[in-house]
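# Inside the fold
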Amino acid sequence: MPTLIPAPTRVTAAGNKPKLIDEYVGRVNTKQAELSVAHMRSPGGWLEPGQTPEFREITVVIKGVLRVEHQGGQLDVRAGQAVITEPGEWVRYSTPEADGAEYIAICLPAFSPDTVHRDA
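Here's a quick rundown of the structure. (Residues numbered from 1 in each chain as written. Predicted model: local features only at pLDDT ≥ 70, side-chain atom pairs only at ≥ 80, totals over all residues. Heavy atoms only, no water.)

In this structure, Pro109 follows Leu108 across a cis peptide bond, with omega equal to -10°. Along the chain, Pro109 turns up in the loop between strand E9 (101-108) and helix H1 (113-116). The backbone phi angle of Lys31 is positive, close to 60°, even though this residue is not glycine. Here Lys31 shows up in the loop between strand E2 (20-25) and strand E3 (36-42). Residue classification places Lys31 among the exposed residues on the basis of a relative accessible area of 66%. Look at His117: it is not a glycine, yet its phi comes out positive at around 50°. Position of His117 relative to the elements: it lies in the segment after H1. (Helix = DSSP H or I, 4+ residues; strand = E, 2+ residues; numbered from the N terminus. Buried < 20%, exposed > 50% of the residue type's maximum accessible area, 1.4 Å probe, protein only.)

Following this line, the structure appears as structure tokens:
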């Protein structure tokens, strides 16, 4: 039988400015460890610490531009585009443009503060 998820849970974000994260599926809202799906909204100029997560992350940008820095350079992922980062790969996300960005992040397994391994 299908399971209705009546509402997301707002979770705390890392970074230099407030970012909204609404988790629909994952460790917080549905107590699932195999997958997380979250709706993100970050303001212009937002920057989070670099990280080397243990999970694969698929990010679909809905509005704006999400910058993804990696060891080989950087990608600007625009509305209508997506990016996949692999476990063990260092990345840092930011929203360099004034209007910020809106995007959906899917993590396999689910996002966890214990497995994201943010830079100190």
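One ladder, built from 8 bridges, connects strand E5 (residues 56-70) with E9; its direction is antiparallel. Each residue of the ladder has a partner; that of Lys63, found in E9, is Glu102. Of the strand pairs in this sheet, E5 and strand E7 (residues 82-85) are connected by 4 bridges, and their pairing is antiparallel. Its bridge partner lying in E7, Val60 is registered against Ala82. (Pairing = 2+ DSSP bridges.)

It is worth spelling out the layout of surface pockets at this point. Roughly 430 Å³ of volume is contained in the largest pocket. In terms of lining, the largest pocket is formed by 25 residues, of which the most central are Val11, Ile21, Met40, Phe111 and Arg118. Its residues placed into classes, the lining of the largest pocket shows 15 nonpolar, 4 polar and 6 charged. (1 Å grid on protein atoms, 1.4 Å probe; cavity = no way out; pocket = protein on both sides within 12 Å on 5 of 7 lines; lining within 4 Å. Points joined across faces, edges and corners; volume = space filled by probe spheres on them. Nonpolar A, V, L, I, M, F, W, Y, C, P; charged D, E, K, R; others polar.)

Turning next to the nonpolar core. Counting residues in each nonpolar core, the largest one holds 14 residues, and the members touching the most others are Met40, Leu66, Val68, Tyr93 and Tyr103. At the level of secondary structure, the elements contributing two or more residues to this core comprise E3, E5, strand E8 (91-95) and E9. Discounting residues that sit within four places of it in the chain, Val68 has contacts with Gly73, Gln74, Leu75, Val77, Val83, Thr85, Val91, Arg92 and Tyr93. (Core = buried A, V, L, I, M, F, W, Y, C linked by side-chain atoms within 4.5 Å. Contact = heavy atoms within 4.5 Å.)

Glancing now at the pattern of salt bridges. One pass over the structure, following the stated rule, counts 7 salt bridges. Between Asp22 and Arg10 there is a salt bridge, and its shortest N-O distance comes to 2.6 Å. With Asp22 in strand E2 and Arg10 in strand E1 (residues 9-11), this pair connects stretches of sequence that are 12 residues apart. A salt bridge links Arg92 to Glu69, with the shortest nitrogen-to-oxygen separation between them at 3.0 Å. (Salt bridge = Lys/Arg side-chain N within 4 Å of Asp/Glu carboxyl O.)

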